[in-house]
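Single-letter residue listing:
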Amino acid sequence: MTVTATPFALAEVASRVGLNRVVVAEQGGFVLHIGGDPWLDPVAMEGVTAQVANQLSAKDPVGRSTYQSAARVYEAQLGALDISYRSSLADCGRMDIVTATRAFAPMARRYGFVDHAATEAGIAQLIAAKGIAVVFTETGVSTTAVDALAQATHTKIQELDTTTVLTATEATRGATYLALMDDNLAKLTKALDCTSNNP
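The paragraphs below set out a description of the structure included in this document. If you're wondering where the values come from, they're calculated on a predicted model, not measured in any experiment. (Residues numbered from 1 in each chain as written. Predicted model: local features only at pLDDT ≥ 70, side-chain atom pairs only at ≥ 80, totals over all residues. Heavy atoms only, no water.)

## Description of helix α7 (residues 144-153)
- Listed in full, the buried residues belonging to α7 are V146, L149, A150 and T153. One side of α7 holds all its buried residues, which, seen down the axis, span an arc of 100°. Among the exposed residues of α7, those oriented more than 90 degrees off its buried face are T144, Q151 and A152.
- For α7, the secondary structure elements touched by its buried residues are β3 (96-99), α6 (123-130), β5 (134-138) and β6 (156-160).
- At the C-terminal side of α7, H154 shows a positive phi close to 60°. (Buried < 20%, exposed > 50% of the residue type's maximum accessible area, 1.4 Å probe, protein only. Helix = DSSP H or I, 4+ residues; strand = E, 2+ residues; numbered from the N terminus. Arc of directions from axis to C-beta. Contact = heavy atoms within 4.5 Å.)

## Digging into unusual backbone geometry
- Look at T163: it is not a glycine, yet its phi comes out positive at around 60°.
- Phi is positive for D193, close to 55°, though the residue is something other than glycine.
- Note that D193 resides in the segment after α9 (177-191).

## What to know about the state of the cysteines
- Here the structure, examined in full by the defined rule, presents one disulfide.
- Disulfide pairing is shown between C92 and C194; the S-S distance is 2.0 Å. Classification of the bridge connecting C92 and C194 rests on its S-S torsion, roughly 90°, and on that basis the disulfide is right-handed. Remark: C194 occurs in the segment after α9 and C92 occurs in the loop between α4 (64-88) and β3; sequence separation between them is 102 residues.
- Taking relative accessible area as the criterion, C194 reaches 0% and is therefore assigned buried. (Disulfide = S-S within 2.5 Å.)

This is the structure:
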């Protein structure tokens, strides 16, 4: 049996909803089809979870209630994550972050901040004007542009997780999508100087 479920965020949803049951039941190949790139948006991931449950149900109708029930549980957890992002990022002193490739732009639009690419024209001037103290690398992406920008602007470097691949350290500690997103939120609230980060 061949199962294609990548990136990591999709593989975790599939696992949480019950992909292992289909792996056991299905003799051929099974490919999850998800459009777009929703991995950093908890609301979009609720939709992905429903899509995964529907695709698994179509492949294994006997397990439909199991898949749908598991999907509802995980959708509730994603809903709680969305609420956490909304409340944590509601009142921030800054509105801008700088990342390697703007992978966080969809998340930024949803939660009211702006993601700029490290290679964007005039980015050093923006960093100075906005008082940005940290620039972010992204997991699975070259750090070259961010490293050079941090050196030129005397800013710190931190890493945000794109949830598309697990690092060796994350795999060893058994990281989950929800935990990776919580880690991202902690870094974002600090970088954006949000009141939820200031006791």
